Structures are given as structure tokens and as C-alpha cells.
Amino acid sequence: MLGKQRTMEAFEKMYEMFPEAHGELQHKNPYELLIAVILSAQATDVSVNKATPALFQAFPTPEALAKAPLEEIIPKIKTIGLYRNKAKNIKACAQQLIDHFEGQVPQTREELVSLPGVGRKTANVVLGDAFGVPAIAVDTHVERVTKRLRICKLDASVQEVEQTLMKKVPENLWVKTHHTLIFFGRYHCTARSPHCEVCPLLDMCQDGKMRMKNPANKHLK
């Protein structure tokens, strides 16, 4: 596995490649971000961004969303995967914001994960992007890239990936690193056709070296 110094060398190269890396879910406030992140589970940010303008126009506050019948919520998010279950979750989440948090999005991980549809990853995204609280959210891109580079163990769980990154990356860079890893994984080190041949990290990437030796492996996850 890469040590702290080599890990940061890798991230410095990623920072140079994607200096404007940022959360791509469109939102105007913590409430909109929270709902958008819940909707993004097993769905693309693009699909969520297409649905949320109409959703937030119809239900601009937790109060409005909590009061809305499911039959009015579902059509707004029907283009997103698992829309029925997500409609129930965001309605219940809005109700809990009212019942337990005075209609405000809480600012601690423990409180966030108490909300319907909110797991650790969602909580970390909200903490980092809505409130500037240092956090690393591990999604499929973060997990894939860190394992390919051997920053984390290949058999590490999502939480172990998060813990490893927290140990190897300075706290003030957690949010930046989270977004950079996502951009790097989404636009460069992709699941099926990573751009190993032009990657500035190839010299330190065991996975990439194996792919380049055997082109047949290039399209494997």
C-alpha cells in the first residue's frame, strides 16, 4: 500500500488535473442538498439534477415536502432509479426535520444518519458541502480509485476506506480530496476504460501497470 507521502504525491497530481473539482449536485441550501444526495443513491448526479428543479419548485421547504402526498412527489422524481422508495424517504426525512430539528438540517453526523434515507456517505457529503465540516464521503469512484492505487487495501470495507483516507490526508484537505477523487474516477480513472496510457499516476499505480502490460485487462473493473 502507498504510505502517507506517496498518497499525498498522488493526490497532488489529481489536484493539478482537476483544480475545480466540486460537488455536482445542484442546490441552493442545505435542505436541497440533503434531498438531492438522498436521491442520488444508485443514480447519477445528472439524472438527479434534471429532476430536482421541478421538485424544489413544488416543495421548496421541508414543511411543503412533508405535507405533500406521495402521489404528488413520485411524478417529480420518476426519472430517478428507485423513485418510489426515495419518495417515501424524502417525505419522511422532511417530517423528521420538522419534528426533531425545527425544520433545519442538522450539522452533526450522528443527527444526520438518524434521518430516513441518510447513511454515512450522505451525511459526510452534507457535512462537507453544506457546512464546511471536514469529511470524506466514500462513493464508488472514491473506493475504486483508492483501491486501484493501493492507497487502501483491496478488501477494505467502505468505512475502512474512509478511515484510511482520514489517516493519510490532512483534515483540512478532506473535502477537497473527496471531490477530486470523484472527478478523477468519473472522468479519468473510469470503471471500464481507465485512461492508463495518459495517466500521470501510472508510475505509482500497480493496477495501471498490470493493465498496460496486458491490454486485455484494460476494460476490466
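For the structure, check the block above.
Residues numbered from 1 in each chain as written. Predicted model: local features only at pLDDT ≥ 70, side-chain atom pairs only at ≥ 80, totals over all residues. Heavy atoms only, no water.

Participant: Sorry, what's going on with unusual backbone geometry here?
Facilitator: Outside of glycine, negative phi angles account for most residues, and trans bonds account for most peptide bonds. The backbone phi angle of Gln-42 is positive, close to 55°, even though this residue is not glycine. As for its position among the elements, Gln-42 is in the loop between helix 2 (30-39) and helix 3 (45-58). Phi is positive for Leu-82, close to 60°, though the residue is something other than glycine. (Helix = DSSP H or I, 4+ residues; strand = E, 2+ residues; numbered from the N terminus.)

Participant: Help me out: how do you make sense of the pattern of salt bridges in this one?
Facilitator: Once the charged atoms of two side chains with opposite charge are near each other, the side chains can pair. What the rule picks out here adds up to seven salt bridges. When the shortest N-O distance is used, the salt bridge between Asp-203 and Lys-13 registers 3.7 Å. A residue pair is termed long-range when its members are at least 10 positions apart, and Asp-203 in the loop between helix 11 (174-187) and helix 12 (206-213) and Lys-13 in helix 1 (residues 4-17) qualify at 190 residues. The class of Asp-203 is partly exposed, set by a relative accessible area of 44%. The shortest N-O distance in the salt bridge between Glu-24 and Arg-186 comes to 2.3 Å. Of this pair, Glu-24 sits in the loop between helix 1 and helix 2 while Arg-186 sits in helix 11, and the two are 162 residues apart along the sequence. Salt bridges linked by common partners bring Glu-24, Asp-45 and Arg-186 together as one network. (Salt bridge = Lys/Arg side-chain N within 4 Å of Asp/Glu carboxyl O. Buried < 20%, exposed > 50% of the residue type's maximum accessible area, 1.4 Å probe, protein only.)

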